[in-house]
Amino acid sequence: MTRTLVVVGHGMVGHRLVEALREKDVTGQWRIVVFAEETRPAYDRVALSSYVDSWDAGSLSLAPHDDDAVELHLDDKVVHLDREAKVVRTQRGRVQPYDALVLATGSVPFVPPVPGRDLPGCHVYRTIDDLDGIRATVESARSVGRHAGMVLGGGLLGLEAANALRGMGISPHVVELGPRLMPLQVDEGGGGLLKRLVEKLDLTVHTGTSATSIEQDRGRLLAKLSNGVELDLDVVVFSAGIRPRDELARSFGLTVGERGGIVVDKACRTSDEHIYAIGECANLDGMVYGLVAPGYSMAEVVADRLLGGSAEFPGADMSTKLKLLGVDVASFGDAHAKQEGALEVVVNDAVAGTYAKVVVSDDAKTLLGGILVGDASKYMSLRPLVGRPVPGDPVALIGPEGGVELTLPHDAQVCSCHAVTKQHIVDVVNSGEAVDVPGIKACTKAGTGCGSCVPMLKKLLSECGIEQSRALCEHFDHSRADLFEIIRSTGITTFSELISRHGRGFGCDICKPAVASILASLDQGHVLEGEQATLQDTNDRFLANMQRNGTYSVVPRIPGGEITPEKLIVIGEVARDFGLYTKITGGQRIDLFGATVDQLPQIWKRLVDAGFESGHAYGKALRTVKSCVGTTWCRYGVQDSVSLAIELELRYRGLRSPHKLKSAVSGCARECAEARGKDFGIIATENGWNLYVGGNGGFTPRHADLIASDVDTETLIKLIDRFLMFYIRTADRLQRTSTWIESLEGGLDHLRDVIVNDSLGICADLEAAMAKHVDNYADEWRGVLEDPEKLSRFTSFVNAPGTPDPTISFREERGQKVPVLLGVPSVSQAEVSR
Amino acid sequence: MTPVCELSDLRPDQGVAALLPDGSQVAVFLTSAGTVHALGNIDPFSGAAVLSRGIVGDRGGVPVVVSPVYKQAFELSTGKCLDDPSTGVPVHPVVVTDGVIQVGSP
Ligand code: SRM
Ligand SMILES: Cc1cc2nc3c(=O)[nH]c(=O)nc-3n(C[C@H](O)[C@H](O)[C@H](O)COP(=O)(O)OP(=O)(O)OC[C@H]3O[C@@H](n4cnc5c(N)ncnc54)[C@H](O)[C@@H]3O)c2cc1C
Ligand code: SF4
Ligand code: FES
């Protein structure tokens, strides 16, 4: 018999419960009905602040429950609970019986009783709607110049809110009652440094004070602080802590804690055995956990219990690491040395702007906790060692040289977001299930939450002996990025010189095309010039895509997908005259299939004469920049997407890269050009353009991430120039931009630092390299047609030029010719594993 | 033996195809080490007559051509497929006289 589980609240934890139960409930014992107060399904609240980057709620979405056993009712709050009859009633009047009930109602921001706290312009910081409200206030603000805001509360969330305000162009004041910022996580020394670091970033910090009143004043807000300071403001955000939402439990007689929270046992069961509470609304052993990871553990426990298991809440790690306003802050374990006799070891480096503290037991043998500010790179190796022997002198753990190599014990938790231990990771690696970070993510979920454990995952991989060799192939010990730098700095222009000086043997189908691509990226002449011709992979060798029967396809460039009727007619005529199969591609252009090697130059002669150029459909190069019609025709368009797409396609045409590059430009947020599925995608906004990077379709689809918003065209192009050149210089062979970004130490943040903030100081160089490419561009096919030597290679037979290959034959399908199959190819393992 | 082309028609590590009187095709290679080889032009994995268009190089020091279709390597001197030793392509005898390359039957 199917039983009914009712879940109240579809936040992150409610969502996880549904996922976990559906995954474990293989026999379909439970039907799940979820009631959500918010108007949208659960989203990534942890990443809420990133909403300010794109104002795209979709970017926060969690996986939808695509499942007949799950019913989700949005915008319908549960208001009544009849425990006797085991029925809930909702605001919209729905009556739903349950066999088991789970309360996952989360918490609400606490708003201190400051007079004026309900005035328009005062907000809290918890939901997407809250952020929309803040945005509306800011947009209607009357003050001239830079707007001002106040965040009440200098804890973790308050600083995050302050950063979000900065993102909206507001100078924030942070007002904290406690003696320092983040009083819960850091101590005085760390707090002092934190204050200095964030004040460099246009933030004004007021500690040891609080707001006594907020008033309306000539269309703005006036806040008075207890220390006498008065602030003229456009917006106020309260971030003074959270309170568990236990109102349902309270009203209907469940036990709640003294300081709030629905009291549960280790099975997450409330005082009613049919009712569970999980996440931020639950009070377990007197603790209310304000982090998502303990909530996820509770969800797993309840999923197990519902299926007859006996799981218990394992306890939670309250460690935090975050990057706020570019400042690393981490705190873990007994950070405040509360344990009897605990000793503190501090390294405070005012010059470098770093503060580090470890807390150890009275005999200095056991690590108890610590605090890192300014540089938290040691967090991932220190946190799992809490409660374990200190390897060596405690000072060495945090000393400037970081002398001690730390090896984690096997049961140490590596990923705290998903409670994954080192053992689990080592197991999937040793069994061969995972051979790299993406593999570990897929097998264990580790690294898919906040991402802070990813560097540790890499370390574990190498500990397991699969240091992914950086060697390109048996002929070179260098990675592609190294070879790029060698070629760039030595000025070597031929493969033979490179391999004789830096490699061994004769080369192969891996290093030859990789070097060919590097030489082409550095604009070393035509790709079929001299020795370069022998390096090119299948398709580049004849500047066309080889088909299964040995014929080729021809794809002329149609920038942005825009084409005149005259040019369309030329393509039609060429296809007709050479008997080519014709198809519209997924890249907004036309592919002509079935040409023999001898026909290629004749076909291209006609196309080039009509003004066409190579579309590089064969190259690891820029393919297409798709566009939607944009402002020119579309009633919703806010920018001219077609003109930009054409400009970008012409700018980057012919650019060779580690893998193919695709782009698209959409004229508004409706996104008809599918820009977020591209290596670099541009979406028009009222004020300019949003740039997204690292998307692709293909085998592992991935949406592109926002890297800059509301930029003008000039800035946009500058950023794309830098992005592409940085990718070309540092990516591995056949690594799309998506996996390249994932492989970067520091990921997207690092990339943004490099190409937006110029943290490596290389942007001018990258731009110059792109300018050189743009200046030197020449159509490859014209280059062949104008050079008798290159042209002479386009023959099927050296002893019978012009004779068609007798093994090729065609049949007809739907009025066009298609190849007669040469027996179904069997793809060997060697190919698949490459 | 059929004369197919002059040695000077070949460029190191870049194969050409030649049509033999019986309608079969050979892929002729000059390696950068200076040796000349002739193999059947049909790639056994795809059935396409394209082996001459593959990349020439070495695997562990053994000179090979790699099929442009699904990328299996074939040893230039024996025709054996290194990725699947149960398959291979025919090897044709080659002689170079007075700068002319002549190819025989496998
Ligand atoms: C012609 C076309 C299919 C069509 O009829 O629409 C096509 C055809 C081929 N695709 Fe594609 N892809 C085509 C659009 C796409 C798209 C859609 C798009 O671009 O909007 C995708 C997914 C988007 C993406 O790339 O992220 C796509 C993902 C792939 C992939 C997987 C890439 C990945 O990162 O996983 C490959 C394999 C590869 O490149 O290694 C591939 C490879 C190929 C190759 C080149 C296979 C090959 O090496 O021979 C096919 C060549 C056909 C030929 O002989 O001309 N094709 N391919 C499309 C040409 C677009 C164009 O005008 O240039
Ligand atoms: C800006 C911000 C940053 C954060 N950063 C981090 C971080 O870096 N790391 C971390 O671990 N945690 C972080 N958190 C905390 C984390 O988001 C929460 O711990 C987590 O969302 C708790 O999940 P939950 O499902 O318990 O509650 P919620 O996500 O709040 O979900 C509860 C849902 O229940 C709904 N609800 C309430 N009552 C009812 C009812 N009667 N009927 C129907 N629906 C109801 C609510 O509307 C809400 O949608 C952050 C939170 C915020 C706001
Ligand atoms: S999806 Fe596969 S079969 Fe279809 S065009 Fe792309 S690569 Fe070829
Ligand atoms: S610790 Fe957050 S993803 Fe692993």
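Presented here is an overview of the structure given in this document.

**Quick word on the overall build of chain B**
Secondary structure assignment for chain B yields 0 helices and 10 strands. For chain B, the sequential pattern of α-helices and β-strands runs β-β-β-β-β-β-β-β-β-β. Put simply, chain B has 106 residues, and 55% of those count as buried. A separation threshold of at least 6 residues defines the contact pool for chain B, and within that pool the share at least 24 residues apart is 38%. Accessible area of chain B: about 3,900 Å², with a carbon and sulfur share of 56%.

**So, the nonpolar core**
Counting residues in hydrophobic clusters, the biggest one holds 59 residues, and the most contacted among them are A:Tyr652, A:Phe680, A:Ile682 and A:Leu751. Take this core: its biggest share by element is 10 residues, from helix H20 (residues 713-730) of chain A. For A:Tyr652, the contacting residues outside a window of four places in its chain are A:Leu622, A:Phe680, A:Ile717, A:Ile720, A:Asp721, A:Leu724, A:Met770 and A:His773. Among the nonpolar cores identified, the runner-up in size contains 46 residues, and A:Leu543, A:Ala595, B:Val50 and B:Val56 belong to it.

**Topic: the state of the cysteines**
All names here are of chain A. Under the criterion given, the structure shown has 0 disulfides over all chains. Free cysteine Cys473: the closest other cysteine sulfur is in Cys511, separated by 3.7 Å. By relative accessible area, Cys473 is classed as buried at 12%. Cysteine Cys628 remains unbridged, with the sulfur of Cys672 as its closest cysteine sulfur at 5.8 Å.

**Brief notes about the sheet that holds strand S31 (residues 590-595) of chain A**
Residue and element names in this part refer to chain A. With antiparallel pairing, 4 strands are arranged side by side in an open sheet as S28-S29-S31-S30. A strand with exactly one partner marks an edge of an open sheet, and here the two such strands are strand S28 (545-546) and strand S30 (581-584). Looking at chain direction, strand S29 (residues 552-554) and S31 are connected through 3 bridges and run antiparallel. Across the sheet, residue Ser553 finds its bridge partner in S31, namely Phe593. Contacting S29 and S31, helix H18 (residues 599-609) runs over the sheet at an angle of about 5° to S29.

**Quick notes on the packing of aromatic side chains**
Residues and elements named next belong to chain A. What the rule picks out here adds up to 14 aromatic pairs over all chains. Here the aromatic rings of Tyr289 and Phe313 are separated by 5.5 Å at their centres, their planes lie at 50°, and the arrangement is tilted. With Tyr289 in the loop between strand S20 (282-284) and helix H7 (292-306) and Phe313 in the loop between H7 and strand S21 (320-324), this residue pair connects regions lying 24 residues apart in the sequence. Residue Tyr289 is classed as buried on the basis of its relative accessible area of 9%. Overall, the relative accessible area of 5% leaves Phe313 in the buried class. Seen from their ring centres, Tyr652 and Phe680 are 5.9 Å apart, and the 85° between their planes marks the pair as edge-to-face. Linking Tyr652 in helix H19 (residues 641-652) with Phe680 in strand S34 (residues 680-685), this pair joins segments that are 28 residues apart in sequence. Summarising the burial analysis for this pair, Tyr652 and Phe680 share the class buried. One aromatic cluster is present, built from ring pairs that chain together Phe542, Tyr552, Trp604, Trp781 and Phe794.

Parameters and conventions
In every chain, residue numbers begin from 1 and rise along the written sequence. Written order decides the labels, with chains lettered from A and ligands numbered from 1. With the structure being a predicted model, the display of local features is reserved for residues of pLDDT at least 70 and the display and counting of side-chain atom pairs for 80 or more, all residues being used for whole-chain, interface and lining totals. Neither water nor hydrogens contribute to the side-chain values; these are computed over all heavy atoms in the structure. Here a helix means four or more residues in a row that DSSP labels H or I, a strand means two or more in a row labelled E, and each is numbered from the N terminus. The rule is simple: take the accessible area with a 1.4 Å probe, protein chains only, and divide by the maximum for that residue type; under 20% is buried, over 50% is exposed, in between is partly exposed. In what follows, residue pairs with any heavy atoms lying within 4.5 Å of each other are defined as contacts. Only the protein chains shown count as cover for residues, with accessible areas throughout obtained via the Shrake-Rupley method and a probe of 1.4 Å. We call a set of buried residues a nonpolar core when its members are Ala, Val, Leu, Ile, Met, Phe, Trp, Tyr or Cys and they connect through side-chain atoms within 4.5 Å of each other. A pair of sulfur atoms, both from cysteines and within 2.5 Å, is called a disulfide here. One requirement defines pairing of two strands: DSSP has to find at least two bridges between them. Every axis in this analysis is a line fitted to C-alpha atoms, fitted for helices over the stretch in contact. Angles between the N-to-C directions lie between 0 and 180 degrees. Pairs were defined over the aromatic rings of Phe, Tyr and Trp, the Trp ring being its six-membered one, requiring ring centres within 6.5 Å. Orientation was assigned from the angle between planes: stacked under 30 degrees, edge-to-face over 60, tilted for the rest.

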